[in-house]
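Fold and geometry: a report
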Amino acid sequence: MSDGVIVVGAGLSGLACAVRLHEAGVPVRVLEASDGVGGRVRTDIVEGFRLDRGFQVFNTAYPEARRVLDLKALDLRSFASGLLVFREGRRERVMLPWRHPGQALSGARADVGSVRDKAALAAMTARDLAAPGSRVRDGTERDTREELRHWGISDEMVEKLLRPFLAGVLLERELETSSRFFHLIWRSFARGTICVPALGMGRMPEQLAARLPDGAVSFGTPVRQVTDDGVETGDGDAIEAAAVVVAADPAGAAALVPEIEAPVMRPVTTYYHVAPRSPLKEPVQILDAEGIITDTLVLTDAAPEYSPDDRALISTSVLGIDADAARVRDRLGEIYGDTSGWRPIASYRVEAALPAMPPPMPLRRPVRLRAGRYVCGDHRDTGSIQGALVSGRRAAEAVLADLP
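What comes next is a walk through the structure. As the structure is a prediction and not an experimental result, all values here were calculated from the model.

All right, on to the side chain of Thr 316 then. Here Thr 316 is to be found in strand β18 (residues 312-319). Judged by its relative accessible area of 0%, Thr 316 falls in the buried class. At a separation of 3.0 Å, a polar atom in the side chain of Thr 316 contacts the side chain of Thr 296. Setting aside residues no more than four positions away along its own chain, Thr 316 makes contact with Thr 269, Thr 270, Tyr 271, Ile 293, Asp 295, Thr 296, Val 328 and Leu 332.

Laid out in structure tokens, this is it:
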């Protein structure tokens, strides 16, 4: 491997980097500490149910994903382009009119803000839909709450609709995320469709790994340190390489390459429940505008393949990792009705689910630290599947530019 490249970490960014290098003819080896690919994007099989490690969805508007993934082979299952907002004991339906013309007036009728608010939100959405990506990215930066005020959206609409929605996307309720990232995310929701692969989110990293040669990924191989000649593994083995790309989680990456600073990470907990049948019978996300929950949905209403039989699988997310499971269950009863027949099947407490992105936030951080040393991950771009894949490609291109 002295003439090849070692990639540390088999998450989406590391695999995207490795695939790009391999297809350019560069020998590559991926060292992964765990027993499988995917990092934060993995799917476990529990009692026949497919459980993604934390609530995750895929957006078809991610341009990098369209370039590097075979979306047809993923067999995507779509959710409705809209929301049900649960507040004061009732659900308010808000659907994108250009996706659901039969429910085009749902947003206008919903008690989520004034007519002026809805006009302001429509104007902002239209700008994000029509404007070039560069204009959306390069606008004046402020935090998201100030940006919404700038567009004339009142606190009433923020509290009734936008804060509940963005809490589940940004994993924070204060709306302190950079407006630059907010607009990119808002644009992607307006342009794309939210979905999951029929066999789980883990199919994405598995698809990338399948494009590498047999034996290119080594599992159970943690890296202790990056050396001048390559890396040293947890077992003390020295592996030489012409270049090393660190694609570990942000804290792990900062430990291996002190030139970078680990970002603050947002935590989230996802609860999975099994029910005898769907309590909703439509593939749409429910936002909790008042309670402990951020969002909940019946995964099997969109992807029946997530269940081994006719039972329903419900995914529910809560910010942080200290939530009271009993309180979550009580709130689910208020949202869905009778949950006495439900059974908890698993919960995932993800301490480092998403990097915090307050302003000022560069949308591109360096991936080349010096000749022969590189880093990638969504913390080098934007906290998203799109950001992870882009950073992997950028790191690979930096390696290819430096290698003789």
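Now for the sheet that holds strand β6 (residues 76-78). Spatially, β5-β9-β6 is the arrangement adopted by the three strands of the open sheet, whose pairing is antiparallel. The sheet is open, and its two borders are formed by β5 (58-59) and β6, each paired with just one other strand. Here β5 runs beside strand β9 (residues 194-197); their pairing, made up of two bridges, is antiparallel. Within β9, the residue paired with Asn 59 across the bridge is Ile 194.

What follows concerns the packing of helix α5 (residues 115-130) against helix α8 (residues 155-170). Orientation of α5 relative to α8, taken along the N-to-C sense of each, is 60°, at an axis distance of 10 Å. Here α5 lies oblique to α8, going by the angle between them. Note that α5 runs across α8; the crossing there is right-handed. For the pair α5 and α8, the contacting residues are Asp 117, Lys 118 and Leu 121 in the first and Glu 156, Met 157, Leu 161 and Leu 162 in the second. Partitioning the contact of α5 with α8 into residue classes produces four nonpolar, no polar and three charged.

A few words on the environment of Val 217. Tracing the sequence through the fold places Val 217 in strand β10 (residues 217-218). Residues Val 217 and Gly 36, 181 residues apart in the sequence, show an inter-C-alpha distance of 9.2 Å.

Our focus in this paragraph is unusual backbone geometry. The peptide bond linking Pro 359 to Pro 360 adopts the cis configuration, its omega dihedral lying at -5°. Positive phi outside glycine occurs at Asp 75, with the angle close to 55°. Its location among the elements puts Asp 75 in the loop between α3 (71-74) and β6. Non-glycine residue Lys 281 carries a positive phi angle of around 65°. The topology assignment puts Lys 281 in the loop between β15 (265-275) and β16 (285-288). We classify Lys 281 as exposed; its relative accessible area is 63%.

The next thing to look at is the pairing of strand β11 (residues 223-226). With three bridges connecting them, β11 and strand β12 (residues 230-233) associate as antiparallel partners. Bridge pairing links Val 223 to Thr 233 in β12. Taken together, β11 and the strand that follows it, β12, pair antiparallel across an intervening segment of three residues.

Here we take up the sheet that holds strand β13 (residues 238-240). With antiparallel pairing, the three strands of this open sheet are ordered in space as β11-β12-β13. Of all the strands in the sheet, the pair left with one neighbour each is β11 and β13. Taken pair by pair, the neighbouring strands of this sheet meet at an average axis angle of 25°, ignoring direction.

Thresholds applied
- Residues numbered from 1 in each chain as written.
- Predicted model: local features only at pLDDT ≥ 70, side-chain atom pairs only at ≥ 80, totals over all residues.
- Heavy atoms only, no water.
- Helix = DSSP H or I, 4+ residues; strand = E, 2+ residues; numbered from the N terminus.
- Buried < 20%, exposed > 50% of the residue type's maximum accessible area, 1.4 Å probe, protein only.
- Polar contact = N/O pair within 3.5 Å; in protein donor to acceptor, adjacent residues only side chain to side chain.
- Contact = heavy atoms within 4.5 Å.
- Pairing = 2+ DSSP bridges.
- Axes fitted to C-alpha atoms, helices over the stretch in contact; angles between N-to-C directions.
- Parallel < 35°, antiparallel > 145°, perpendicular 65-115°, else oblique.
- Left-handed = near helix turned anticlockwise from the far one by under 90°.
- Nonpolar A, V, L, I, M, F, W, Y, C, P; charged D, E, K, R; others polar.

Interpretation in functional terms is not warranted from these geometric data alone.
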